[in-house]
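So the chains spell out like this:
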Amino acid sequence: MYMSVMKKRNYLVDSQEGAQIKHLLRLMELDQTFHTEASYSANGILHNDHVISFSDKHWNYLNNNPQVDPTHYLANLRLMTRVR
């Protein structure tokens, strides 16, 4: 029996929706009402200083997980990162 393998695709990279999401993540980084500090990255090749920005981290997650609804993800991210 032949099983097809679904390859991960970068579906957001060249899309209008992807540009909007990237813009919203960057706006969250600039907004002081959200906790958006950079975090550790184990990938020393892509991130020489082993630090990945908030927007890059969440952009990569959304781009690599096409089954996740970006609208819901961003709404939950806003709730979880809001400074109280």
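Model, not experiment: these values are computed from the prediction.

Criteria and cut-off values
- Residues numbered from 1 in each chain as written.
- Predicted model: local features only at pLDDT ≥ 70, side-chain atom pairs only at ≥ 80, totals over all residues.
- Heavy atoms only, no water.
- Core = buried A, V, L, I, M, F, W, Y, C linked by side-chain atoms within 4.5 Å.
- Buried < 20%, exposed > 50% of the residue type's maximum accessible area, 1.4 Å probe, protein only.
- Helix = DSSP H or I, 4+ residues; strand = E, 2+ residues; numbered from the N terminus.
- Expected span 1.5 Å × (residues − 1).
- Contact = heavy atoms within 4.5 Å.
- Polar contact = N/O pair within 3.5 Å; in protein donor to acceptor, adjacent residues only side chain to side chain.
- Arc of directions from axis to C-beta.

## Describing the nonpolar core
Among the nonpolar cores identified, the biggest contains 11 residues, and these are Ile21, Leu25, Met28, Phe34, Phe54, Trp59, Leu62, Val68, Tyr73, Leu74 and Leu77. Listed by contribution, the elements that provide at least two residues to this core are α1 (16–30), α2 (54–64) and α3 (70–81).

## Some points on α3
For α3, with 12 residues, the first-to-last C-alpha span of 16 Å sits near the 16 Å given by 1.5 Å per residue. Packed against the buried residues of α3 are α1 and α2. Put simply, Asp69 is the residue that caps the front of α3, since its side-chain oxygen is 3.1 Å from the backbone nitrogen of Thr71.

## Some thoughts on α1
What sets the pattern is the α-helix's 3.6 residues per turn: residues three or four places apart point alike. Over its 15 residues, α1 extends 21 Å from the first C-alpha to the last, a length consistent with the 21 Å expected when each residue adds 1.5 Å. Buried residues of α1: Gly18, Ile21, Leu25 and Met28, and no others. Down the axis of α1, the sector holding all buried residues measures 85 degrees, keeping them to one side. In α1, the exposed positions angled more than 90 degrees off the buried face are occupied by Gln16, Gln20 and Leu30.

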